[in-house]
Structure formats: structure tokens, C-alpha cells
Amino acid sequence: MARRARPERTCVGCRRRAPAGELLRVVAVGDEAGYSLRPDPARRLPGRGANMHPDPACFALAVRRRAFGRALRVTAVLDHGELAEHIDASSTTSGQPDRARVASKVGRPT
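What you see is a predicted model, and the numbers here were worked out from it, not measured in a lab. (Residues numbered from 1 in each chain as written. Predicted model: local features only at pLDDT ≥ 70, side-chain atom pairs only at ≥ 80, totals over all residues. Heavy atoms only, no water.)

### Examining unusual backbone geometry
Formally: Helix and strand definitions here come from DSSP, where helices need a minimum of 4 consecutive H or I residues and strands a minimum of 2 consecutive E residues; each element is numbered from the N-terminal end.
In this structure, Arg15 takes a positive phi of about 65° despite not being glycine. With respect to the helices, strands and loops of the structure, Arg15 is situated in the loop between strand 1 (8–10) and strand 2 (17–19). Located in the positive-phi region is Arg66, a residue other than glycine, with phi close to 55°. Checked against the element boundaries, Arg66 lands in the loop between helix 1 (56–65) and helix 2 (67–72).

Structure (C-alpha cells):
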């Protein structure tokens, strides 16, 4: 049975390649105040997208390197407040079980 190739993308923060499903798509949405970066976890928003790991370290690297403007081909200043909130929220709820809760269920001290 032949395996299907999964699309790969490059993270704008760390510049590592990963399957597209592991990366968060980010788009620039323009309004009267300028452009803001919006997370697109469903990968459905229109326009050019940039991809990054949903990790605060990759986000910090991308901001420091000004990678979002280059990847999205936007020359204006980008507001990344909404994206930062999304990254912070996703890193605190990473899907990993809370160690204290698991240890209390098993009966071990933390």
C-alpha cells in the first residue's frame, strides 16, 4: 500500500520543517487601524498565510526576526497582540495532563 505524502511547511520562527498539521497558520487581516496577525487553526481564512509552531519560543523568534512581515508580504507594522494571546493560551493548555492531578489519582505524592 502506498503512503500519501503529507504537506510540509517551514516555521517562520525556528525555520524547521514540519507537517502542516503540526503548525499554526497565521494570516494578516487589514482594517482601518492597520494590520493585525490572526491565528487560523482551521486553516480557512483567506489570504496569504505564514506557519509557525504553536510555541512561545518560536513566536518570540519570529517577532524578533520580523519574519511575519516578510512571510506575509506586508510592509506595514503588524499588531501581534491577538496572536500572542492565542499562543499563551495554547501553551498553558498543551493537552498534557497535569502531573499533580495524575499523581493524586494514582496515589503517589507530587
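### Here we look at the nonpolar core
Nonpolar side chains in soluble globular proteins tend to be buried together. Convention followed: By convention a nonpolar core is built from buried Ala, Val, Leu, Ile, Met, Phe, Trp, Tyr and Cys residues, the set being connected through side-chain atoms within 4.5 Å. When accessible area is computed with a 1.4 Å probe and restricted to protein chains, residues below 20% of their type maximum are described as buried, those above 50% as exposed, and intermediate ones as partly exposed. Should any heavy atoms of two residues lie within 4.5 Å, those residues are counted as being in contact.
Val12, Val26, Leu37, Met52, Phe59, Phe68 and Leu83 are the most contacted members of the largest nonpolar core, which totals 20 residues. Of all elements in the fold, only strand 3 (24–31), strand 5 (49–52), helix 1, helix 2 and helix 3 (81–92) reach the threshold of two or more residues within this core. If near-sequence neighbours (up to four positions away) are discounted, Phe68 is found in contact with Val12, Val26, Leu37, Met52, Phe59, Ala62, Val63, Leu78 and Leu83.

### Side note on the sheet that holds strand 6 (residues 78–79)
Rule in force here: When DSSP locates at least two bridges between a pair of strands, those strands are taken to pair. Helix axes are fitted to C-alpha atoms over the stretch in contact, other axes to C-alpha atoms as well, and angles between N-to-C directions run from 0 to 180 degrees.
An order of 5-3-4-6 is seen for the four strands of this open sheet, with the pairing classed as mixed. Two strands bound the open sheet, and with one partner strand each, they are strand 5 and strand 6. Lying over the sheet, helix 3 contacts strand 3, strand 4 (34–40), strand 5 and strand 6, oriented at roughly 20° with respect to strand 4.

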